[in-house]
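Chain residues, written in single-letter form:
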Amino acid sequence: MSDRASPLGPDFKPGQYGNLADGIGVHLSETAFGFLGEIAAFPDALDKIEKRVSSASKSEAAAFKIAANRWFLAGPATLADAVRAKLKPADGSLVDLTHGRTALRISGPKAEWVLSKLYAIDFSPATFATGTGLSTAHHSIFTQIYRRDAQTFDLFVFRSFARSFWHTLQRAAEETGYEVV
Amino acid sequence: MSFRRISTSGKGKRPVSFTFDGKRVAGYEGDTLAAALLANGHMVLGRSFKYHRPRGLFAPGNAEPNALVTLIRGPFREPNIRATEVEIFDGLVAESQNRFPSLRYDISSLNGLAGKLFSAGFYYKTFMGPGIGPLRSTKFWMLCEKIIRRAAGLGRAGLAPDPDRYDRVNAFCDVLVIGAGEAGREAAETAAKAGLRVILADANPPSDLSIEGVQTLSRTFVWGVYDGNTYAATERVADHKSSRTPGEPRQRHWVIRAKTAIHATGATERPIVFPGNDAPGVMLASLLSDLAARSIAPSGPVCLFTNNDSAYQTAADLAGLGAKITAIIDVRAEVSAPAKALAKVAGAELITGAAVSGTEGTNALTSISFQPFDANANALTGEPRKIECAILGISGGWSPAIQLASQAGGKPVWSEPLQAFLPPDPAPGQDFHVCGSAAGVFGQEDAKADGARVADIAVAKLVGIPIKTAPAPASDPVYFAAPVHEIRGGSKSQKAFVDFQHDVTADDIRLANREGFSAPEHMKRYTTLGMASEQGRNSAIPALAILGGEQGKSIAQTGTTRFRPPASPVAFGVLAAERYGDLQPDRRTPMHDWHLASGATPYAAGLWHRPMIYGRPGETIEQAYVREARAVRMGVGIVDVSTLGKIDIQGPDAGKFLDRVYTNMFSNLAVGKARYGLMLREDGLVMDDGTTWRLGDNQFLMTTTTANAGKVMQHLDYCLDCLWPDLKVHLTSVTDQWAGAALSGPFARKVLETCVEGTKVDTDALPFMGIVHGTIAGLPVMICRLSFSGELAYEVYSGAGHGQAVWDALMQAGKPFNITPYGLEALGTLRIEKGHVTGAEIDGRTTAHDLHLEWMLSRKKPFIGQSMMNRPGLTDENRLSLVGILSSSGKPISGGSRIVEEDELTEPASSLGHVTAACYSPALEKYIALALVKNGKSRIGTTAFATAPLTGQHVPVEIVDCHMFDPEGRRMHV
Amino acid sequence: MRISCPHCGTRDLAEFYYWGDATRTMPELGSTDEAAWLSHVYDRPNPRGRHKEHWQHLGGCRAFLVVERDTATHEIFSVIFARHAKTEASK
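Residues numbered from 1 in each chain as written. Chains lettered and ligands numbered in written order. Predicted model: local features only at pLDDT ≥ 70, side-chain atom pairs only at ≥ 80, totals over all residues.

Novice: Just to check I follow, could you spell out the overall build of chain B for this structure?
Specialist: Looking only at helices and strands, one finds 23 helices and 51 strands in chain B. When the 974 residues of chain B are sorted by exposure, 54% land in the buried category. Considering only contacts within chain B whose residues lie at least 6 apart along the sequence, 65% involve residues at least 24 apart. (Helix = DSSP H or I, 4+ residues; strand = E, 2+ residues; numbered from the N terminus. Buried ≥ 20, exposed ≤ 12 C-beta atoms within 10 Å, placed from the backbone. Contact = placed C-beta atoms within 7 Å.)

Given below as structure tokens:
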């Protein structure tokens, strides 16, 4: 476990909630990644950085493009070193956001449905493929979303918004029943 | 009783019991509230808006103007719901509206006797009052409004909060089909078979027939079309249920983005306007069909009044259910052979070339009068004849439901044979198709074929294959209507209503025209016709016919008004949807819980929650902040500064970039040093200030004010994307990455010395504006020596997840020095004493000179705002500039006070400027303030008054330099 | 309105932040051409019909875009990254 304090504090309460009549629709959890960050490339080094990102993220790390020249990285603490190694300032930059973003995971048969309540994004697998991610917002809450598998999404939100967003996420999940794990 | 239930067996429907006006009523599952009430003999279901006339059910579904009820859920009241759209359930509680003491006997119906008083524009003309005097214009209106609002109006909203929850859901599809009638179902099936993603939305409860590959949304009414084929709809998720499952919304707001849409929205029948047309029992023929489909048929004598053939089928159907059809009255002199045959089947007397000219019966229709009618001259002739009649079904032809098409399209197209507007073509950027009766293609088989045809076109267009242009089926002549919309003359004593819900009569429309409100949009607003919840579904065409008739124009020439969302009323809860409580998220710093546990009063700064004071029992706000501020000056204080905006700036051109956006130089800043920076807008006014730290050759950390963090980041994004795309610089918001704690006061260094490891913090290692890296409690920290309070001060930054641990360690280390946490009020007090500016002074109107920051304007390099900042208006010595203000009388100064020279409160006073921030200063031991004052520098040493007329404060003050405490800055450089 | 961001795809208006006229060019920093600066800062064409505007995809990739659209009908004709606008224009 990380030595970082969770922004969810006392509001993270494991248990089952909401309408459980048809079972548990989604599981909600917080993931303590060893490293979160963004890497951005200057125009003439786009390909070089892209290669670096894809090779560094082969293991269990997630790396997905969030802008024309920028990738979001989530993985073990060693990921930072792998990406940073020999990164020339003229090629691009790496920013550590391990403390600045909070990773919430939503997983289960109703994950797409619950997320559809919050984001104007088409979550159907045909348009949002596994292993890809994007940037969007729920009103003021900027979010990066990564699809880990058919029923699992990682949501990366600004830490200061995390607790407020956690409440919103729980509320959205009540209808289908959820478990905090 | 005028209606009876034909069969209750059917599908073995379950009996349901509900409450209406306090009485238990029995119905059957699947009944609408309107149908159940009618079957129980309730003919009067509402009282009209202005005249309080008894009104009965008039139209099916969302066209119903009269039967508005209030639904009651515990203490919560939901007014103005159409009884035709309420599905009954056990425990439903409904109440009639706009009546006192009861629906059948209402005192205010006397308004009807004074009918002339309430004609169009009456409120405004009468109650605007005289142009002069104590009751002039609006004051008089406001007095009368209260009285009128009680008499006129619809349901009463309650004060209790809505106990229900609402949801939003975002949906995407290739084709959105609206309406699950014959045309819509066929269109949905056709598009789904072609492999497209199809959503079919329908306002009715689900039917048993599901369509393969189609996502069907039942009880879902589509009410709005927005740019880019975005459709808004409301799903009534639980309105028909007596209880909710956990988290179940009452209604759900669907926002559907479709590549294209097929409107199969159907058509609604129109009335013909005639005197006495609002007697309970006069209703659209289509309502009779709708009720028959719900196994409820008329039990008294029925007449039909029509200008087209469609009502004949209704007559035959009703007769088949055992209803007694007395007569069919048709305005046309000749009718078709099939119509004649149907009249014979119905066993009705066919009276052609005639029109209904009056009614009898107050709470229920008892008889009608009709007269010979010349359809060519549009006039009654001959003598009236009276026949007994309990139900009069009327049909003035059919209007395609073009509300959505009109929202997203151009001008509707007039059809003379149908006497109706057909849907317009889509506006640029929109894409939709219309089929079935919504496009004027009536009849089940024709509509079905049209649904398939239109879906083929939509699919071909989406998939990009050649479009087969099959012609649309022609409209069935059964639905052709004679151009008769109003019967004039007849019963002189009876009003002829056009808009039942707003009590607008044919005469009101003529009056509006006479008074110059002759354009449809003007007439609509003057009379309020079509502005009630049924949105002109019944009234639009007759009103345009009457208005056009007055002007000698056809309806085609008059044109129609444009439809706008929503096509039917939408509950506010649906719009707020997933946002609940105060509708806004909040932002918390890593130390938020500690602040609250330590007695902080939270204060909302934008979305952030920040401690205002850490009050002790019995302390006032002022006592608390004065204690906190004094502790900083005398010992050491600690404040959470995590909310400051923080931007990571990286790249080989970072220094060059900062030189351009800041007024002062940053490219020459040494690594490990910070500098105070000032940013101007292009027009030369100040945008923001903050310190920027150089963390490496190619890396800076910029801090911004809390309030401007987002704005500054966007400005920098703009500069890089739009102005200088060639600069190699990357920006990332790291506001949330860092927890910040500012330690200030004479003992600040001692506190650090106690707890910081891995670096020295003495003046050599950490001079003013220096940065060091070390650890506190084993956690990495970055410490910059800078001061907002004017004391020896440091900002300690740690990873946000370590923020609380580092804060705890600082508190522990500060214990021997009696470290005091302080909030925003004390922070403000300390900076006011020092004359440091914040957003109150950087208000978008001030220049660097105004704030005495001209020393920060570099002459060595160009920067944004430089070329505009020296314009004459921005350098005028009479501009407002920053000064300090001392209260001379010992009285407090209010923030926002005006600075004036007059020694008494006069009106109007000549303002010299205004107070931007005020406090009690423990350092100076008096009330002080910062103010922006005309030619401030020249007024230093003079006296004036700080006046706040709203609170009656008028305080004598002395104007001084803005640096009121330790102007030389000795304390922070120790 | 829905805007097609060249990176993120088509998104709702709510994700975008309006920044205004994209037809102006800022004078070189340090330029003393007062008229050019006044025109740049204050003269905003506001046509009814086709117009080029800057929109930032704030709720997405944060890129500034040049959106050419009809201000009356909201029909969108083209969307490009603002940082490519100069090169696109010279093509």
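Novice: It is not clear to me how the overall build of chain A should be interpreted in this structure. Could you clarify?
Specialist: Helix and strand content of chain A: 4 helices and 11 strands. Taking 16 Å as the expected radius of gyration for a compact globule of 181 residues, we find that chain A reaches 17 Å, a close match to that expectation. In chain A, buried positions account for 52% of the 181 residues. Taking the intrachain contacts of chain A between residues at least 6 apart in sequence as the baseline, contacts between residues at least 24 apart amount to 71%. (Rg over C-alpha atoms; globule rule 2.2 N^0.38 Å.)

Novice: Explain the environment of Ala826(B) here, please?
Specialist: Residues and elements named next belong to chain B. Along the chain, Ala826 falls in helix 21 (residues 824-834). Spatially, the C-alpha atoms of Ala826 and Glu628 are 6.0 Å apart, while their sequence positions differ by 198 residues. Not counting chain neighbours up to four residues away, the residues in contact with Ala826 comprise Tyr625, Glu628, Ala629 and Val632.

Novice: What's the story with the interface of chain B and chain C in this structure? I'm lost.
Specialist: In many reports, interface size means the accessible area that the parts give up when they come together. In this assembly, 23 residues from chain B lie in contact with 23 residues from chain C. Here the side of chain B that touches chain C takes 6 residues from helix 18 (residues 709-723) of chain B, the largest share from any one element. Its residues assigned to classes, the side of chain B that touches chain C comprises 10 nonpolar, 6 polar and 7 charged. (Nonpolar A, V, L, I, M, F, W, Y, C, P; charged D, E, K, R; others polar.)

Novice: Quick question: what am I supposed to make of the sheet that holds strand 5 (residues 64-70) of chain C here?
Specialist: Strand pairs in the sheet, formed through backbone hydrogen bonds, run parallel or antiparallel to each other. In space, the 4 strands of this open sheet follow the order 3-4-5-6 (chain C), with antiparallel pairing throughout. For this open sheet the edge positions go to strand 3 (17-21) and strand 6 (76-81) of chain C, each flanked by a neighbour on one side alone. Adjacent strand axes in the sheet meet at a mean angle of 30 degrees, parallel and antiparallel pairs treated alike. Where strand 5 of chain C lies against strand 6 of chain C, 5 bridges are found, and the strand directions are antiparallel. Bridging from a neighbouring strand, Val66(C) pairs with Ile80(C) of strand 6 of chain C. Seen against the sheet, helix 18 of chain B touches strand 3, strand 4 (50-56) and strand 5 of chain C and runs at an angle of roughly 80 degrees to strand 5 of chain C. (Pairing = 2+ DSSP bridges. Axes fitted to C-alpha atoms, helices over the stretch in contact; angles between N-to-C directions.)

Novice: Would you mind going over the nonpolar core with me for this structure?
Specialist: If you look at soluble globular proteins, the nonpolar side chains tend to sit buried side by side. Residues and elements named next belong to chain B. Membership of the largest hydrophobic core comes to 186 residues, with the highest contact counts inside it found for Ala741, Leu743, Val751, Val806, Leu810, Ile885 and Ala929. Residue contacts for Leu743: discarding those within four places in its chain leaves Val636, Ile638, Ala748, Val751, Leu752, Ala793, Tyr794, Val796 and Leu810. One finds Cys173, Ala346, Phe373 and Ala390 within the second-largest nonpolar core, a separate group that totals 160 residues. (Core = buried A, V, L, I, M, F, W, Y, C linked by C-beta atoms within 7 Å.)

Novice: It is not clear to me how the interface of chain A and chain B should be interpreted in this structure. Could you clarify?
Specialist: On the chain B side, the residues contacting the 38 residues of chain A number 38 residues. Elements that contribute at least two residues to the side of chain A that touches chain B include exactly strand 3 (35-41), strand 6 (92-96), helix 3 (111-118) and helix 4 (162-173) of chain A. Per-element tally for the side of chain A that touches chain B: the top contributor is helix 4 of chain A, with 6 residues. A class-by-class count of the residues in the side of chain A that touches chain B yields 16 nonpolar, 13 polar and 9 charged.

Novice: I tried to follow the sheet that holds strand 44 (residues 793-799) of chain B on my own but got confused; where do I start?
Specialist: Residues and elements named next belong to chain B. Read across the sheet, 7 strands follow the order 41-42-43-44-40-34-45 without closing on themselves; strand pairing throughout is mixed. In the strand order of this sheet, the two ends are held by strand 41 (756-757) and strand 45 (820-821), each with one partner. In this sheet, strand 44 lies alongside strand 43 (residues 779-784) in antiparallel orientation, the contact comprising 4 bridges. If you follow Ile783 over to strand 44, its bridge partner there is Val796. Across the sheet, helix 19 (residues 748-755) is in contact with strand 40 (738-744), strand 41, strand 42 (771-776) and strand 44; its angle to strand 40 comes to roughly 130 degrees.

Novice: It is not clear to me how the pairing of strand 5 (residues 70-75) of chain A should be interpreted in this structure. Could you clarify?
Specialist: Remark: a regular strand shows side chains that alternate across the two faces of the sheet. Residue and element names in this part refer to chain A. Across the 6 residues that make up strand 5, a large majority, 6, are buried. Burial along strand 5 is two-sided: the face carrying Arg70, Phe72 and Ala74 and the face carrying Trp71, Leu73 and Gly75 are both buried. Sheet topology note: the strand 3/strand 5 ladder contains 6 bridges and is antiparallel. The partner of Ala40 across the bridge, within strand 5, is Arg70. As paired strands, strand 4 (residues 62-67) and strand 5 are joined by 5 bridges and run antiparallel to one another. Considered in strand 5, the bridge of Ala67 is made with Arg70.

Novice: So what exactly am I meant to see when it comes to helix 1 (residues 46-56) of chain A here?
Specialist: The periodicity of an α-helix, 3.6 residues per turn, causes residues three or four positions apart to be oriented the same way. Residues and elements named next belong to chain A. All buried positions along helix 1 are accounted for by Ile49, Arg52, Val53 and Ala56. The buried residues of helix 1 occupy one face: seen down the axis, they fall within an arc of 100 degrees. In helix 1, the exposed positions angled more than 90 degrees off the buried face are occupied by Asp47, Lys51, Ser54 and Ser55. The elements touched by buried residues of helix 1 are strand 3, strand 4, strand 5, helix 2 (78-84) and strand 6. (Arc of directions from axis to C-beta.)

Novice: Help me understand the environment of Gly672(B), please; the structure alone is not making it clear to me.
Specialist: All names here are of chain B. With respect to the helices and strands, Gly672 occurs in the loop between helix 17 (654-661) and strand 36 (674-680). The class for Gly672 is partly exposed, based on 16 C-beta atoms found within 10 Å. Dropping the residues within four chain positions of it, Gly672 is found in contact with Arg694, Gly770 and Ile771.

Novice: Would you mind showing me how to read the confidence of the model for chain B here?
Specialist: If pLDDT is low for a region, its predicted coordinates should not be looked at in detail. On average, chain B scores 92 in pLDDT, and the residues at 70 or more come to 94%. With pTM at 0.94, the complex prediction returns an ipTM value of 0.98. (pLDDT = per-residue confidence, 0-100.)

Novice: How should I be thinking about the packing of helix 3 of chain A against helix 4 of chain A in this particular structure?
Specialist: Helix packing for two helices is described by the angle between their axes and how far apart those axes are. Residues and elements named next belong to chain A. Two elements in contact, helix 3 and helix 4, have axes whose closest approach is 9 Å; the angle formed by their N-to-C orientations is 125 degrees. Between helix 3 and helix 4, the angle falls in the class oblique. When you trace helix 3 past helix 4, the crossing you get is right-handed. Side by side, helix 3 and helix 4 meet where Val114, Lys117 and Leu118 of the first sit next to Thr168, Ala172 and Ala173 of the second. Taken together, the residues of the contact of helix 3 with helix 4 break down into 4 nonpolar, 1 polar and 1 charged. (Parallel < 35°, antiparallel > 145°, perpendicular 65-115°, else oblique. Left-handed = near helix turned anticlockwise from the far one by under 90°.)

Novice: Would you take a moment to explain unusual backbone geometry for this structure?
Specialist: Peptide bonds are trans in most cases, and residues, glycine excluded, mostly fall at negative phi. Residue and element names in this part refer to chain B. The omega torsion of the bond from Pro565 to Pro566 falls at -5 degrees, within 30 degrees of zero and hence cis. Looking at where Pro566 falls in the secondary structure, it is placed in the loop between helix 13 (555-558) and helix 14 (572-576). Even without being glycine, Asp21 reaches a positive phi, approximately 50 degrees. Within the element layout of this structure, Asp21 appears in the loop between strand 2 (15-20) and strand 3 (23-28). Take Asp21: there are 15 C-beta atoms within 10 Å of it, and that puts it in the partly exposed class. The backbone phi angle of Asn80 is positive, close to 65 degrees, even though this residue is not glycine. With respect to the element layout, Asn80 can be found in strand 7 (residues 76-82). Here Asn80 falls in the partly exposed class, since 19 other C-beta atoms lie within 10 Å of it.

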